[in-house]
Amino acid sequence: STALGGVINVITKESAPRPETNVRLSSGIYDDPAWPEWKWTDDLLYFSDIDADHSRKIGNTSMFISVGRHQSAGYRQNAKYLNYNATGKFKVTFSPQSNLTLLSSWESGDNEIGLMWKNPYQALAVEEPAVGDKMHSNKFGLNAMHQWAVNQSFGLKTRASYFRNFFEYFMHDNEDYSTAQRLGMELQAYYILSKSQSLTFGTENTYDHIAADPLGNHNIITLSVYAQDEIRLIPTVIMTVGARLDYTSTDSD
């Protein structure tokens, strides 16, 4: 968001035409370091991943659900992690011109943290006080998007979103946390002026609340409007002209 050019567009997987289930299992071990003095443990270091997804269509509704578990002992000290994730996507097609998509994602994990190596001769180990430093995180996102092709020349897209991101650090010399929440609403329209020209315009508004130790609580409101005109000068040359105006307000509790 808050970008007109250079947008990264992530298109999630669609449901299969008929019921389909996929399961993926993978595991492996880490080899010894290339330099013997870098070896910091005699334990077997391994990783394992489990992913499963199911998709199907029921009437005018298609669904895609996936879950995963990812674990690793790490190839270096303080690199162990255990993460879980789940995703759900539901798309309701009201007509060839109108559909509603609901997308939800969740991830939770515990990750050890090794910021600095012990010394140049033990580059895969950490200093004794830092052994056991770790971080717990929890992320949740929910998006709803409605697309409506009013006619052959004009269309509307409405999107509402909520995202929550939580981090908690357990370090040998301090403990702190950060919770960020964002509410978003976007209304976008496109208008095809001719075979060689199309106009995209809209508004995007977000509200962020951050609660962190030791940075305190902060609220951010961002209001924006944008427009982009795309003109095909000749079959191989396209000119794009765009503008965006953002207003941001920040305060502290």
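Located above this text is the structure these notes cover.
The rules behind each value
Residues numbered from 1 in each chain as written. Predicted model: local features only at pLDDT ≥ 70, side-chain atom pairs only at ≥ 80, totals over all residues. Heavy atoms only, no water. Helix = DSSP H or I, 4+ residues; strand = E, 2+ residues; numbered from the N terminus. Rg over C-alpha atoms; globule rule 2.2 N^0.38 Å. Buried < 20%, exposed > 50% of the residue type's maximum accessible area, 1.4 Å probe, protein only. Contact = heavy atoms within 4.5 Å. Areas by Shrake-Rupley, 256 points an atom, 1.4 Å probe, with all protein chains shown as cover. Lys, Arg positive; Asp, Glu negative; His and termini not counted. Charge placed at Lys NZ, Arg CZ, Asp CG, Glu CD. Pairing = 2+ DSSP bridges. Salt bridge = Lys/Arg side-chain N within 4 Å of Asp/Glu carboxyl O. Phe/Tyr/Trp six-rings, centres within 6.5 Å; stacked < 30°, edge-to-face > 60°. Lys NZ or Arg CZ within 6 Å of the ring centre and 35° of its normal.

1. Considering the overall build of the protein chain
Okay, so step 1: Within the protein chain one finds zero helices and eleven strands.
Okay, so step 2: Walking the protein chain from its N terminus toward its C terminus, one meets helices and strands in the order β-β-β-β-β-β-β-β-β-β-β.
Okay, so step 3: Taken over the C-alpha trace, the protein chain has a radius of gyration of 24 Å; the compact-globule value for 253 residues is 18 Å, which it surpasses by more than 25%.
Okay, so step 4: Referenced to the eigenvectors of the C-alpha coordinate spread, the extents of the protein chain come out at roughly 70 × 50 × 40 Å.
Okay, so step 5: Going through the 253 residues of the protein chain one by one, you find that 24% of them count as buried.
Okay, so step 6: At a minimum sequence separation of 6, the contacts of the protein chain that also span at least 24 residues come to 53%.
Okay, so step 7: Approximately 16300 Å² of the protein chain is accessible, and the part contributed by carbon and sulfur atoms is 59%.
Okay, so step 8: In the protein chain, 21 positive and 29 negative side-chain charges are present, and the distance between their average locations comes to 13 Å.

2. Let's talk about the side chain of threonine 206
Okay, so step 1: Tracing the backbone through its elements, the reader meets threonine 206 in strand β9 (residues 197–213).
Okay, so step 2: Taking relative accessible area as the criterion, threonine 206 reaches 8% and is therefore assigned buried.
Okay, so step 3: Look past the residues within four positions of threonine 206 in its chain and what remains in contact with it is Arg182, Leu183, Gly184, Ile220, Ile221 and Thr222.

3. Regarding the environment of threonine 200
Okay, so step 1: Position of threonine 200 among the secondary structure elements: in strand β9.
Okay, so step 2: Judged by relative accessible area, which is 24%, threonine 200 ranks as partly exposed.
Okay, so step 3: Counting along the chain gives 73 residues from threonine 200 to glutamate 127, while the straight-line C-alpha distance between them is 55 Å.
Okay, so step 4: When sequence neighbours within four positions are dropped, the list of residues in contact with threonine 200 reads Gln188, Ala189, Tyr190, Tyr226, Ala227 and Gln228.

4. What to know about the environment of isoleucine 50
Okay, so step 1: By the secondary structure assignment, isoleucine 50 is in strand β2 (residues 46–58).
Okay, so step 2: Put simply, isoleucine 50 and asparagine 83 are 33 residues apart on the chain and 11 Å apart in space, counted from C-alpha to C-alpha.

5. Quick word on the pairing of strand β1 (residues 20–29)
Okay, so step 1: Across the ten residues of β1, one count as buried, placing the element largely on the outside.
Okay, so step 2: As defined by bridge partners, β1 adjoins β2 across ten bridges and the pair is classed as antiparallel. Across the sheet, the residue bridging to glycine 28 is phenylalanine 47, located in β2.

6. Considerations on the pairing of β2
The side chains of a regular strand alternate between the sheet's two faces.
Okay, so step 1: The sheet contact formed by β2 and strand β3 (residues 61–72) spans twelve bridges and is antiparallel. Its bridge partner being in β3, phenylalanine 47 is matched across the sheet by serine 72.
Okay, so step 2: Hairpin geometry of β2 and β3 is characterised by an intervening segment of two residues between the two adjacent antiparallel strands and by a positive phi of about 65° at glycine 59.

7. Quick word on the pattern of salt bridges
Okay, so step 1: By the definition in use, this model includes nine salt bridges.
Okay, so step 2: Across the pair glutamate 204 and arginine 244 runs a salt bridge, and its minimum N-O distance is 3.2 Å. Of this pair, glutamate 204 sits in strand β9 while arginine 244 sits in strand β11 (residues 237–252); the two residues are 40 residues apart in sequence, bridging distant segments of the chain.
Okay, so step 3: A relative accessible area of 6% places glutamate 204 in the buried class.
Okay, so step 4: Classification of arginine 244 by relative accessible area gives partly exposed; the value is 23%.
Okay, so step 5: Three or more residues joined by partner-sharing salt bridges are found here, namely Arg159, Glu186, Glu204, Arg244 and Asp246.

8. Focus: the packing of aromatic side chains
Okay, so step 1: A complete count under the given rule lists six aromatic pairs for this structure.
Okay, so step 2: Taking 5.7 Å as the distance between ring centres and 55° as the angle between the ring planes, the aromatic pair formed by tyrosine 30 and phenylalanine 47 counts as tilted. Here tyrosine 30, found in the loop between β1 and β2, pairs with phenylalanine 47, found in strand β2; they are 17 residues apart in sequence, far enough to count as distant.
Okay, so step 3: Among the aromatic side chains, those forming a connected cluster through ring pairs are Tyr30, Phe47 and Tyr75.
Okay, so step 4: Here the guanidinium or amino end of lysine 134 rests over the ring plane of phenylalanine 170, the centre of that ring lying 5.9 Å away.

9. Section: unusual backbone geometry
Okay, so step 1: Here the residue pair aspartate 213 and proline 214 is connected by a cis peptide bond, since its omega of 20° sits within 30 degrees of zero.
Okay, so step 2: Relative to the helices and strands, proline 214 resides in the loop between β9 and β10 (216–234).
Okay, so step 3: At asparagine 78, a position not held by glycine, the phi torsion is positive, near 60°.
Okay, so step 4: Relative to the helices and strands, asparagine 78 resides in the loop between β3 and β4 (81–95).

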